[in-house]
Amino acid sequence: MNDSPARSIHFGRIAAMLPVADMQRAHDFYTGILGFSKTFQNGDPVGFMILKRNNAELHLTLQKGHKAAPFNVIHMMVDNADALHAICQAQGLRIIKGLKDKDYGLRAFVFEDFDGNRIDVGQPL
């Protein structure tokens, strides 16, 4: 890879794409509960949406027959994992891995959103 032409390319923002079965429900969760803002939507009915908060960006894509993957699809870094964990619990979301300090330097947990997408949350210790 050291002599690859790709070494000259600078990569910028990479945004996670989340498949959702119910766009309105996903929008309401990520904006109303987690505080993201909608910056773009496309289609009628809406089939694609971009949400942003701070440095994070999520792309939601409507997939009516969505079946969630049995693994983490996003790693989300935050500055207060305890607060996000409490929000997830208050919303009745399934916690896959409980909140704890990890030996790799993160306070972390994994939850499922309302579409079953597994989101790995980490806070640097």
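Being a predicted model, the structure only gives us computed values, none of them experimental. (Residues numbered from 1 in each chain as written. Predicted model: local features only at pLDDT ≥ 70, side-chain atom pairs only at ≥ 80, totals over all residues. Heavy atoms only, no water.)

Undergrad: Give me the lowdown on the layout of surface pockets, citing residues and values where you can.
TA: Taken as a whole, the largest pocket holds about 520 Å³ of empty space. Sorting the residues of the lining of the largest pocket by element identifies strand S4 (56-62), strand S5 (72-77) and helix H2 (81-90) as the ones contributing at least two each. Considering each element in turn, the lining of the largest pocket owes the most residues, four residues, to S5. The residue makeup of the lining of the largest pocket, split by class, is 15 nonpolar, four polar and four charged. (1 Å grid on protein atoms, 1.4 Å probe; cavity = no way out; pocket = protein on both sides within 12 Å on 5 of 7 lines; lining within 4 Å. Points joined across faces, edges and corners; volume = space filled by probe spheres on them. Helix = DSSP H or I, 4+ residues; strand = E, 2+ residues; numbered from the N terminus. Nonpolar A, V, L, I, M, F, W, Y, C, P; charged D, E, K, R; others polar.)

Undergrad: If you had to explain the sheet that holds strand S1 (residues 16-20) to someone new, which residues and values would you point to?
TA: Ordered by their spatial adjacency, four strands build an open sheet running S1-S4-S3-S2, and the pairing between neighbours is mixed. Taken across any chain shown, the strands that pair with only one partner, and hence form the sheet edges, are S1 and strand S2 (37-42). Neighbouring strand axes in the sheet, compared pairwise and without regard to direction, differ in orientation by 25° on average. Taken together, the six bridges between strand S3 (residues 48-53) and S4 define a ladder with antiparallel strand orientation. The partner of Ile50 across the bridge, within S4, is His59. Contacts between helix H1 (residues 23-33) and the sheet are confined to S1, S2, S3 and S4, with S4 contributing the most and set at about 165° to the helix. (Pairing = 2+ DSSP bridges. Axes fitted to C-alpha atoms, helices over the stretch in contact; angles between N-to-C directions. Contact = heavy atoms within 4.5 Å.)

Undergrad: Describe in detail the pattern of salt bridges, supporting the description with residues and values.
TA: All told, the structure shown has seven salt bridges when counted by the stated rule. A salt bridge links Asp82 to Arg107, with the shortest nitrogen-to-oxygen separation between them at 2.9 Å. Placement of the pair is Asp82 in helix H2 and Arg107 in strand S7 (residues 106-112), with a sequence separation of 25 residues. Given a relative accessible area of 36%, Asp82 falls into the partly exposed group. In this structure, Arg94 and Glu112 form a salt bridge, with 3.2 Å as the shortest nitrogen-oxygen distance. In this pair, Arg94 is assigned in the loop between H2 and strand S6 (95-101) and Glu112 in strand S7, connecting sequence segments 18 residues apart. A single salt-bridge network, built from bridges that share partners, covers Arg13, Lys52 and Glu57. (Salt bridge = Lys/Arg side-chain N within 4 Å of Asp/Glu carboxyl O. Buried < 20%, exposed > 50% of the residue type's maximum accessible area, 1.4 Å probe, protein only.)

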